[in-house]
Amino acid sequence: MSSPSKILNLPNILSLIRLIFVPVTVWLLLEELYGLTFFIFIFCCLTDGLDGYIAKRFDLETNLGRILDPIADKALLMSVFLALGFEGFIESWIVIAAIFRDSLIILGSILLYMFYNEYKIRPIFISKINTLFQFLLAAIIISNLAFNIFHLDVIYLLEIVVGITIIVSGAAYVVHWGRFALQMEEKR
């Protein structure tokens, strides 16, 4: 059993802070306080990278962190995407595709864990790339709202890249799960 100090370590606290900032970020975005939204969103992005680095570097990985970190990421990205989509700042097909993909990943992971207790939820490489591009897209859109520094072609191109990586990563998870299930069935 893990001690409370190992569970409430710095990486997990950073993930919790990111989770707490989700409603704040969305509220600021909907209130059109774009500058403040941008800085809080960037803070959240940085804590996402920092918590993983600290956990791996200082051997502070926990089961809580393996669950909390992706939940904080998904909550932040999906909430911001929904708010940006609601306000008309991001294409609705991107929002729908991102939510469908994340729902598929959550459902697929839960089902595999239910059927095969050995299944460990771990992001695949293309999923990390997709998450990076989603964070980048949201950051650029919010920074453009706040500071008007990017041409709309940059946003459009990034939306295409995000759309492609959403499709590829979703398909990669389905293939990954299929292979895992076949391996598990062969063991039986």
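Our structure is the block above this text.
Residues numbered from 1 in each chain as written. Predicted model: local features only at pLDDT ≥ 70, side-chain atom pairs only at ≥ 80, totals over all residues. Heavy atoms only, no water.

S.K.: Requested: an account of the packing of helix α4 (residues 63-86) against helix α5 (residues 92-115), with residues and values cited.
M.R.: With their axes 9 Å apart at the nearest point, α4 and α5 run at an angle of 155° to one another. Taken as axis vectors, α4 and α5 run roughly antiparallel relative to one another. α4 and α5 meet at a crossing whose hand is left-handed. From α4, K74, M78, F81, L82 and G85 reach across to α5, where they touch I94, V95, A98, I99, R101 and D102. A class-by-class count of the residues in the contact of α4 with α5 yields seven nonpolar, one polar and three charged. (Axes fitted to C-alpha atoms, helices over the stretch in contact; angles between N-to-C directions. Helix = DSSP H or I, 4+ residues; strand = E, 2+ residues; numbered from the N terminus. Parallel < 35°, antiparallel > 145°, perpendicular 65-115°, else oblique. Left-handed = near helix turned anticlockwise from the far one by under 90°. Contact = heavy atoms within 4.5 Å. Nonpolar A, V, L, I, M, F, W, Y, C, P; charged D, E, K, R; others polar.)

S.K.: A description of the packing of helix α3 (residues 34-57) against α4 should follow, citing residues and the corresponding values.
M.R.: α4 packs onto α3 with a crossing angle of 155° between their chain directions and a minimal axis gap of 11 Å. The pairing of α3 with α4 is recorded here as roughly antiparallel in orientation. Judged by the sense of rotation from one axis to the other, the crossing of α3 with α4 is left-handed. For the pair α3 and α4, the contacting residues are F41, C44, D48 and D51 in the first and D69, D73, L76 and V80 in the second. Residues belonging to the contact of α3 with α4 are distributed by class as follows: four nonpolar, no polar and four charged.

S.K.: Report on the pattern of salt bridges, specifying residues and quantitative values.
M.R.: Evaluated as defined, the whole model comprises six salt bridges. Close ionic contact of R18 with D51 constitutes a salt bridge, the shortest N to O distance being 3.1 Å. Here the residue R18 occupies a position in helix α2 (residues 10-30), and D51 occupies one in helix α3, the gap between them amounting to 33 residues. Just as R18 is buried, D51 falls in that class too. (Salt bridge = Lys/Arg side-chain N within 4 Å of Asp/Glu carboxyl O. Buried < 20%, exposed > 50% of the residue type's maximum accessible area, 1.4 Å probe, protein only.)

S.K.: Break down the state of the cysteines for me, citing the residues and quoting the values.
M.R.: One pass over the structure, following the stated rule, counts zero disulfides. There is no disulfide at C44, and the cysteine sulfur nearest it, in C45, is 7.1 Å away. (Disulfide = S-S within 2.5 Å.)

S.K.: Run through α5, naming residues and quoting values.
M.R.: For α5, built from 24 residues, the straight-helix expectation of 34 Å at 1.5 Å per residue is met to within 8% by its first-to-last C-alpha distance of 34 Å. Summarising the contacts, the buried residues of α5 are in contact with α4, α6 (125-147) and α7 (152-187). (Expected span 1.5 Å × (residues − 1).)

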